[in-house]
Amino acid sequence: MAGESLFREEKVYNCPKCKDKTFIIENAKVYKCPECSVGTKGIILDEDKILLAQEGVIPENYRDLTFDKTRIKNDSRIPIEIKQDPNFDYYLDTIERLYDLINSGEKLKYSLLITAPQGFGKNSLVYSCLNAAIRNGKTVAPYLDSLELNNIIIGSDERYNYEDQEIMNKLTNADVCFIKIPQTTYVSAIRSLKIIVDRRARKGLATIATSRNHVGKLLNMDSDLTNFFITNNFGDSPVDYYRLRVLTSPYGNLDNTRNKYNKKSNSSNWG
């Protein structure tokens, strides 16, 4: 079975105040405890405020999205050998746990890199988490890729561009921030990701990156990333926002770029 959990906290399903067995997360949405009217870390927004916060951040067809790992597990497009791999269950359980934490208004203790092939739930996870964060009254950053991020950093640093400055402010200060690493990327784009991770870490904020590329392929691009990605030996540090703990799904035969590092990283702490 897969190795050490990325999240050590117990699942937050019971009301933290009255401690009864009332579920505060039902059908992937957070509800206040009917016994004492609390039950989450945040404020549950009304529908008008939710729609206002979603505008310009979440595409309309993603606004009712909630994360369900069974949809991914049962997807017929995913090869059977991957579905039977215990590491795939670990991957699904961990991203579900990430969703639960955001859904219950908890603050993340780690920055993460989630790597998996196309169709393995990354997009669904991201927009479900953004929806959940907004419902809890949290601020969210737009879901950009690192190439877009690089252009924005250049634009906001080299000339006064109000729109770029506004986006940079959201990326740096939002409670929840996801950034995508595209398949075709460049060293400068990855280093722009590191800039945002560092800025957010100094404010005590986690950053979550997603990628179709296996971590070994990213490391082949830039050796300076070795200390940026943590693939094993997570340790017991209470918080770690400056580096990305890596969660990777099995790739099977879907990735032809695997090298010795890929195999080593998969066999070290994930299985």
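Residues numbered from 1 in each chain as written. Predicted model: local features only at pLDDT ≥ 70, side-chain atom pairs only at ≥ 80, totals over all residues. Heavy atoms only, no water.

**Remarks on the environment of Ile 230**
1) Next: Inspection of the secondary structure puts Ile 230 in strand 7 (residues 229-230).
2) Next: When the C-alpha atoms of Ile 230 and Val 246 are compared, they prove to be 5.8 Å apart, with 16 residues separating the residues in sequence.
3) Next: Residues in contact with Ile 230, not counting those within four places in the same chain, are Asp 240, Arg 243, Leu 244, Arg 245 and Val 246. (Helix = DSSP H or I, 4+ residues; strand = E, 2+ residues; numbered from the N terminus. Contact = heavy atoms within 4.5 Å.)

**As for the layout of surface pockets**
1) Next: The space that makes up the largest pocket amounts to roughly 370 Å³.
2) Next: Looking at the lining of the largest pocket, the elements that each hand over two or more residues are helix 2 (69-73), helix 5 (122-135) and strand 6 (208-211).
3) Next: The leading source of residues in the lining of the largest pocket is helix 5, at 3 residues. (1 Å grid on protein atoms, 1.4 Å probe; cavity = no way out; pocket = protein on both sides within 12 Å on 5 of 7 lines; lining within 4 Å. Points joined across faces, edges and corners; volume = space filled by probe spheres on them.)

**Thoughts on helix 8 (residues 187-202)**
1) Next: The terminal C-alpha atoms of helix 8, which comprises 16 residues, lie 23 Å apart, in line with the 22 Å expected from a rise of 1.5 Å per residue.
2) Next: All buried positions along helix 8 are accounted for by Ala 189, Ile 190, Ser 192, Leu 193, Ile 196, Val 197, Arg 200 and Ala 201.
3) Next: Once helix 8 finishes, Gly 204 follows within two positions and takes phi at roughly 75 degrees, a positive value. (Expected span 1.5 Å × (residues − 1). Buried < 20%, exposed > 50% of the residue type's maximum accessible area, 1.4 Å probe, protein only.)

**As for the environment of Asp 100**
1) Next: Tracing the sequence through the fold places Asp 100 in helix 4 (residues 86-103).
2) Next: The buried category is assigned to Asp 100, whose relative accessible area is 8%.
3) Next: The spatial distance from the C-alpha of Asp 100 to the C-alpha of Cys 129 is 8.6 Å, given a sequence separation of 29 residues.

**Remarks on the nonpolar core**
1) Next: Counting 39 residues, the largest nonpolar core has Tyr 91, Ile 95, Ile 102, Leu 130 and Phe 178 as the members making the most contacts within it.
2) Next: The greatest single-element share of this core, amounting to 9 residues, is contributed by helix 4.
3) Next: With near-sequence residues (within four places) excluded, Tyr 91 lies in contact with Ile 114, Thr 115, Ala 116, Phe 120, Lys 122, Leu 247, Thr 248 and Ser 249.
4) Next: One finds Leu 149, Ala 174, Ile 190 and Leu 225 within the second-largest nonpolar core, a separate group that totals 26 residues. (Core = buried A, V, L, I, M, F, W, Y, C linked by side-chain atoms within 4.5 Å.)

**Focus: the side chain of Ser 192**
1) Next: If you trace the backbone, Ser 192 turns up in helix 8.
2) Next: Residue classification places Ser 192 among the buried residues on the basis of a relative accessible area of 3%.
3) Next: Sequence-distant contacts of Ser 192, that is, excluding residues within four places in its chain, are made with Ser 146, Leu 149, Asn 150 and Ile 153.

**As for the packing of aromatic side chains**
1) Next: Under the counting rule described, the total for this entry stands at 6 aromatic pairs.
2) Next: Residues Tyr 62 and Tyr 127 carry aromatic rings whose centres are separated by 4.5 Å and whose planes lie at 5 degrees to one another, so their mutual orientation is stacked. Taken together, the residues span a long stretch of sequence, with Tyr 62 in the loop between helix 1 (47-54) and helix 2 and Tyr 127 in helix 5 at a distance of 65 residues.
3) Next: A relative accessible area of 9% means that Tyr 127 is categorised as buried.
4) Next: A centroid spacing of 5.8 Å and a plane angle of 85 degrees characterise the contact between Tyr 127 and Tyr 143, whose relative ring orientation is edge-to-face. Of this pair, Tyr 127 sits in helix 5 while Tyr 143 sits in the loop between helix 5 and strand 4 (144-145), and the two are 16 residues apart along the sequence. The same class applies to Tyr 127 and to Tyr 143, which are both buried. (Phe/Tyr/Trp six-rings, centres within 6.5 Å; stacked < 30°, edge-to-face > 60°.)

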